[in-house]
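# Notes for the structure review
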Amino acid sequence: MVEVPCRQRCNECSYKLTHQIDYKEVPEILVLEYPHTNIKSSHRIKINIQDEYKVLSLRGIIYHGNNHFCSRIISVDGTIWYNDGITTGNNSIEDGHLTTTSYEELKTCNGKILVLAIYA
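Not measured: the values here are computed from a predicted model.

Turning to the overall build of the protein chain, a few remarks are in order. Assigned secondary structure in the protein chain consists of 1 helix and 10 strands. Along its sequence from the N terminus, the protein chain presents helices and strands in the succession β-β-β-β-β-β-β-β-α-β-β. A principal-axis box enclosing the C-alpha atoms of the protein chain has dimensions of 45 × 30 × 25 Å. Residues classed as buried in the protein chain amount to 36% of the 120 residues present. When the accessible surface of the protein chain is summed, it comes to about 8000 Å², and 50% of that surface belongs to carbon and sulfur atoms. The averaged location of the 14 negative side-chain charges in the protein chain is 5 Å from the averaged location of its 12 positive side-chain charges.

Encoded structure:
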């Protein structure tokens, strides 16, 4: 089971609601799509399947805007790498660290908006 945050709030207590997604097995990789929404992504997702817990960490973000994609790749140590095939070619440029980068800073990149989040 994965709980994904959403924009809606409880009518009675105003607590932020989540969407629950059920799995039969813990996935090794999880890709979440954020089409034209303001869903808040998380640095980690905790999955519980039959009392088996697994934590998947944010490993990549795909952005889109002006008919073009770019990405940020997050290494195991939390280093963020930026890549845009047009401007960086085969190279990725260091672009900060996950522990010092807020969600607000991650939801856009060079005028493009977050459309996919990859967890592994």
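What follows deals with the pattern of salt bridges. Per the counting criterion, the structure on display carries 3 salt bridges. A salt bridge links Arg72 to Asp95; the nearest nitrogen and oxygen atoms lie 2.8 Å apart. Here Arg72 is found in strand 6 (residues 68-74), whereas its partner Asp95 is found in strand 8 (residues 93-97), with 23 residues between them in sequence. On the basis of relative accessible area, Arg72 is assigned to the buried category, the value being 10%.

Time to look at unusual backbone geometry. Of note in this structure, Asn66 is not a glycine but carries a positive phi near 55 degrees. With respect to the helices and strands, the residue Asn66 is situated in the loop between strand 5 (52-65) and strand 6. Residue classification places Asn66 among the exposed residues on the basis of a relative accessible area of 72%. Here Asn67, not a glycine, exhibits a phi torsion of approximately 55 degrees, which is positive. As for its position among the elements, Asn67 is in the loop between strand 5 and strand 6.

This part takes up the environment of Glu104. Along the chain, Glu104 turns up in helix 1 (residues 103-106). Separated by 63 residues in sequence, Glu104 and Ser41 place their C-alpha atoms 9.7 Å apart. A polar atom in the side chain of Glu104 sits 3.4 Å from the side chain of Lys107.

All right, on to the nonpolar core then. Grouped together as the largest cluster of nonpolar side chains are 21 residues, with contacts concentrated most on Leu58, Ile61, Tyr63, Leu106 and Tyr119. Those elements giving two or more residues to this core turn out to be strand 3 (30-33), strand 4 (44-49), strand 5, strand 6, strand 7 (79-83) and strand 10 (112-119). If you tally residues by element for this core, the top one is strand 5, at 4 residues.

We now examine the pairing of strand 7. The buried fraction of strand 7 amounts to 4 of the 5 residues, a majority that puts the element mostly inside the structure. In this structure, strand 6 lies alongside strand 7, joined through 4 bridges in antiparallel fashion. Along strand 7, the bridge assignment pairs Arg72 with Tyr82. Hairpin connection, strand 6 to strand 7: the antiparallel pair is bridged by 4 residues, and Gly78 has positive phi, about 95 degrees.

Definitions and limits used
- In this numbering scheme, every chain counts its residues from 1 along its sequence in written order.
- Whole-chain, interface and lining totals are the exception, using all residues; otherwise, since this is a predicted model, local features are given only for residues with pLDDT of at least 70 and side-chain atom pairs are given and counted only at 80 or more.
- With hydrogens and water excluded, all non-hydrogen atoms of the structure serve as input to the side-chain values.
- Under the scheme used here, helices are H or I runs from DSSP no shorter than 4 residues and strands are E runs no shorter than 2 residues, and both carry numbers assigned from the N terminus.
- Type-normalised accessible area, obtained with a 1.4 Å probe on protein chains alone, sets the label of each residue: buried when under 20%, exposed when over 50%, and partly exposed for intermediate values.
- We get accessible surface area from the Shrake-Rupley algorithm with a probe of 1.4 Å; when it comes to residues, only the shown protein chains can shield them.
- In this tally, Asp and Glu contribute negative charge and Lys and Arg positive charge; neither His nor the terminal groups of the chain are included.
- All charge positions are set by atom: Lys at NZ, Arg at CZ, Asp at CG, Glu at CD.
- Any Lys or Arg side-chain nitrogen found within 4 Å of a carboxyl oxygen on Asp or Glu counts as a salt bridge.
- Here a polar contact means two N or O atoms within 3.5 Å. Within protein one must be a hydrogen donor candidate and the other an acceptor candidate, and residues neighboring in sequence count only if both atoms are side-chain atoms.
- Here, nonpolar core means buried Ala, Val, Leu, Ile, Met, Phe, Trp, Tyr and Cys residues that are tied together by side-chain atoms lying within 4.5 Å of each other.
- In this scheme, strands are said to pair when DSSP sees at least two bridges between them.

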